[in-house]
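Below, each chain spelled out in residue letters.
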Amino acid sequence: MANLFGAIDVGSHEIELKIFELSRKSGIRQVDDVVHLTDLGTDTYNDGRISFAHVAEIKRILLDYKRIMTSYGVTNYRAYGTSAFRDMKNAAVVLRQIEQETGIHIDILANAEQRFLDYKSIASKGEDFNRVIGKGTAIVDIGGGSIQISLFEKDRLILTQNLQLGVLRMNELLHRIGAGSRRLAMLVEEMVNSQLNVFDKLYLAGRGIRNIIVVDDYISEVLSRRRYDFQAGMTETPDKMKQSGNFVSAGDFRQYMQELGKINHTDLARRLGIEDDNVPLLRISAITVRCIMERMQAELLWFPCVTLCDGIVYEFAEERKYLRTAHNFEQDILACAEQISRRYRGSEERTGTIRSIAVKIFDSTKKLHGMGNRERLLLEIAAILYDCGQYISMTNQAECSSNIIRSTEIIGISQIERLIIACAVLYKHEEFSFRVLRSQEASLDREDCILVARLTAILRVADGLDVSHRQKFSDFQIRNQDGKMVITVETEEDISLEKGLFDQSAEFFEEVFGLRPVIKQKKK
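Conventions adopted
- Starting from 1, residues in each chain are numbered consecutively following that chain's sequence as written.
- Residue-level local features of this predicted model are given only where pLDDT is at least 70; pairs of side-chain atoms are given and counted only at 80 or more, and the full residue set underlies all totals for whole chains, interfaces and linings.
- Side-chain metrics in this entry use all non-hydrogen atoms of the structure; hydrogen atoms and water are not considered.
- Secondary structure elements are defined from DSSP: runs of H or I of at least 4 residues count as helices, runs of E of at least 2 residues count as strands, and each element is numbered from the N terminus.
- For a compact globule the rule gives 2.2 Å times the number of residues to the power 0.38, and the radius of gyration it is set against comes from C-alpha atoms.
- Remark: exposure states derive from per-residue accessible area (1.4 Å probe, protein chains only) relative to the maximum for the residue type, with buried under 20%, exposed over 50%, and partly exposed in between.
- Every residue pair with non-hydrogen atoms within 4.5 Å of one another is taken to be in contact.
- One less than the residue count of a helix, multiplied by 1.5 Å, gives the span that helix is expected to have.
- Among the buried residues, those of types Ala, Val, Leu, Ile, Met, Phe, Trp, Tyr and Cys that are joined through side-chain atoms within 4.5 Å form a nonpolar core.
- At least two DSSP bridges between two strands are required for those strands to pair.
- Between Lys or Arg on one side and Asp or Glu on the other, a salt bridge is scored when a side-chain nitrogen of the former is within 4 Å of a carboxyl oxygen of the latter.
- Structural elements are reduced to axes, namely lines fitted to C-alpha atoms, with helices fitted over the stretch in contact, and the angle between N-to-C directions of any two is expressed from 0 to 180 degrees.
- For every residue, the predictor states its confidence as a pLDDT score lying anywhere from 0 to 100.
- Each domain's limits were defined by an automated method or a database of domain assignments.
- Buried area: the accessible surface (1.4 Å probe) lost by two parts on joining, summed over both.
- Side-chain atoms alone can form a polar contact between residues adjacent in sequence; in general such a contact is a pair of N or O atoms within 3.5 Å, and within protein one must be able to donate a hydrogen while the other accepts it.
- Only centres within 6.5 Å qualify two rings of Phe, Tyr or Trp (six-membered ring in Trp) as a pair; their planes then separate them into stacked at under 30 degrees, edge-to-face at over 60, and tilted for everything else.

Some remarks on the overall build of the protein chain
The helix and strand tally for the protein chain stands at 23 helices and 14 strands. For 524 residues, the compact-globule formula gives about 24 Å, and the C-alpha radius of gyration of the protein chain, at 26 Å, lands near that figure. Principal-axis analysis of the C-alpha atoms gives the protein chain an extent of 80 × 50 × 50 Å. Each of the 524 residues in the protein chain was classed as buried or not, and the buried ones make up 55%. Within the protein chain, contacts between residues at least 6 apart in sequence are counted, and of these 69% link residues at least 24 apart.

Some thoughts on helix 20 (residues 415-427)
Taking 1.5 Å as the rise per residue, helix 20 with 13 residues should run 18 Å; its terminal C-alpha atoms sit 18 Å apart, in good agreement. Across the 13 residues that make up helix 20, a large majority, eleven, are buried. Glu417, Arg418, Leu419, Ile420, Ile421, Ala422, Cys423, Ala424, Val425, Leu426 and Tyr427 are the residues of helix 20 that are buried. Elements that come into contact with the buried residues of helix 20 comprise helix 18 (373-385), helix 19 (397-407), helix 21 (434-440) and helix 22 (446-464).

Brief notes about the nonpolar core
Within the largest apolar cluster, 97 residues are counted, with the highest numbers of intra-cluster contacts made by Ile381, Leu385, Ile458 and Ile487. Looking at this core element by element, the count peaks at ten residues for helix 22. If we skip the residues at most four places from it in the chain, Ile381 touches Ile333, Leu334, Ala337, Ile410, Ile413 and Ile421. Of all hydrophobic cores here, the second largest spans 56 residues; its members include Tyr256, Leu268, Leu282 and Phe303.

Some details on the environment of Gly144
Turning to its location among the elements, Gly144 is positioned in the loop between strand 6 (137-142) and strand 7 (147-153). Taking the C-alpha atoms as reference, Gly144 lies 8.6 Å from Met170; in sequence the two are 26 residues apart.

Quick look at the pairing of strand 2 (residues 14-23)
Each regular strand shows side chains that alternate between the opposite faces of the sheet. The element strand 2 is largely enclosed, with a buried count of nine among its ten residues. Taken together, strand 1 (residues 3-10) and the strand that follows it, strand 2, pair antiparallel across an intervening segment of three residues. Pairing of strand 2 with strand 3 (residues 27-37), which is carried by ten bridges, proceeds in the antiparallel orientation. Following the sheet pairing, Lys18 is matched in strand 3 by Asp33. Once strand 2 ends, the chain turns through three residues before running back antiparallel as strand 3.

A few points about the pattern of salt bridges
For the coordinates displayed, the defined rule picks out 30 salt bridges. A salt bridge links Glu338 to Arg156; the shortest N-O distance between them is 2.7 Å. Here Arg156 lies in strand 8 (residues 156-163) and Glu338 lies in helix 15 (residues 329-343), a separation of 182 residues in the sequence. Among the residues examined, Glu338 registers a relative accessible area of 19% and is labelled buried. As a salt-bridge pair, Asp363 and Arg376 come within 2.9 Å of each other at their nearest N and O atoms. Taken together, the residues Asp363 in helix 16 (residues 348-364) and Arg376 in helix 18 connect sequence positions 13 residues apart. Arg376 sits in the partly exposed class, given a relative accessible area of 22%. Several salt bridges share partner residues, and in doing so they unite Arg156, Glu338, Arg355, Asp363, Arg376 and Glu380 into one network.

Remarks on the sheet that holds strand 12 (residues 476-481)
An order of 12-13-14 is seen for the three strands of this open sheet, with the pairing classed as mixed. Each edge of the open sheet is held by one strand with a lone partner, namely strand 12 and strand 14 (516-522). The mean inter-strand angle of the sheet, taken between neighbouring strand axes irrespective of direction, is 25 degrees. The pairing of strand 12 with strand 13 (residues 484-490) spans six bridges and is classified as antiparallel. For Phe476, the partnering residue across the bridge sits in strand 13 and is Val489. Helix 16 rests against strand 12 and strand 13 of the sheet, and its axis sits at about 35 degrees to strand 12.

Comments concerning the confidence of the model for the protein chain
In the predicted model, the protein chain carries a mean pLDDT of 87, and 94% of its residues have values of at least 70. Segment residues 226-244 is flagged for pLDDT under 50; beyond a separation of four residues in sequence, or across chains, it makes 29 contacts in the model.

Things to note about helix 11 (residues 250-261)
With twelve residues, helix 11 should reach 16 Å at 1.5 Å per residue; the first-to-last C-alpha distance of 17 Å fits that figure. Of all the residues in helix 11, the buried ones are Ala250, Phe253, Tyr256, Met257, Glu259 and Leu260.

Description of the domain arrangement of the protein chain
Domain annotation of the protein chain identifies domain 1 (3-109), domain 2 (126-305) and domain 3 (329-522). Put simply, the middle of domain 1 and the middle of domain 2, counted by C-alpha atoms, are 25 Å apart. Taken together, the eleven residues of domain 1 in the interface contact eleven residues of domain 2. In total, about 800 Å² of surface goes out of reach between domain 1 and domain 2, with carbon and sulfur atoms giving 53% of it. Run the count over domain 1 and domain 2 and you get one salt bridge. Linking Arg169 and Asp87 is a salt bridge whose minimum nitrogen-to-oxygen distance equals 3.2 Å. There are two residue pairs in polar contact (both at pLDDT 80 or more) connecting domain 1 and domain 2. The leading source of residues in the side of domain 1 that touches domain 2 is helix 1 (residues 40-47), at four residues.

Digging into the packing of aromatic side chains
All told, the structure shown has 15 aromatic pairs when counted by the stated rule. When the ring of Phe116 is compared with that of Phe329, the centres are 6.0 Å apart and the planes differ by 85 degrees; the resulting orientation is edge-to-face. Linking Phe116 in helix 5 (residues 111-123) with Phe329 in helix 15, this pair joins segments that are 213 residues apart in sequence. Its relative accessible area of 6% is what places Phe116 among the buried residues.

As structure tokens, this is what we get:
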């Protein structure tokens, strides 16, 4: 039996509702798509607040969307706010008003969460997605407030970075300095290239980027509807675009840009069938893509024509088992953490040892702690990043590692989850106090603090089993016996140091889980 799902994106420039039909037999099928243009970003990017008029407009639109979902018989929905809400000083108050009057709850996505959903929206394209990322590929996700660039090699995410170069943000800046249409291209190029210079130096050296996947609200929309011959006039060939899957060669895109620059705003809006106000946003997005394409020397561009709503339904369908995905998104999150560790010269051998021990302890004690796959993922990230602070200070490793994690986005990880990881890494070395943690980290609730304690306890035991940093054993077994967690390690090495210092780690584990770990050696 098919279920109907509603995905709502309250974005910086538009509010979109997509209705989908979900079934285990057919997967995901889009039923309807409704879009209202509304310029929320200009308010928040200017002074961090949203006007009363815009709040009223959001309420009106969401009430309309609620009626549409009811008429379709939607059984589940998710609504998310993005960069405009992240930059809003009075977001909590506004969201409360909206929910009280419309009954629609909106969650604010952190940038890393938003980009991960956009990434999943591309994955919904199936074979095209898997084929493209098999070679050197960059996903360029152009939003209203910022741009996310994610690099892939051989089907594997290797890094992702955020640049504060959103289309609405740049447009507002150009408006503020009185830049006319003649100077627009030059100024946008200057803004984009100034940040690409840094990105290139830090991340692009030696990487061969053949393909660029573009996610945006402007060029993609035009390409999805029709292709134009700007010299001969308008020629609609939607079938051709459908067959090519919106793939455009670098040469064709350069020609497209040249012709785009010859047409004034009014004529371009008429030819493309878009609002006049969207023309400068289209130009900014197109110039940004061209700058990135030329910097990476890419050969092919793909505009999959997806929106955040496609990622929202994809994630929901994953969770409810409506579809099976060939791509492992958790591995992408872990790959992002590994890249951060490499950036700060983390020891791959050491963190790999701590990670494997921590995961085995987690898996062997599931009945004891009751944690799930998401908590396991957070534990793995903490194990990967726990020593990255040594790059800054060997004396204050824990504090420096924690600060790096707090300050570095990890794609697919929320701000709260990142804070949980940072605290677990900090307290792996420092004395844990539930009361101090609650007082210092106001954004963590009681359950979050308990999770920090649990992850910390497991990390301490994992570290205690390799306190010499020599990886003295490759295998161990865990069993619960007489109120103790007996860890039997198989090795011919002398583990006197591990045994002698293990009590420090075991005490906190016993305090958290009510079971005392002990080491037992079994010689080969």
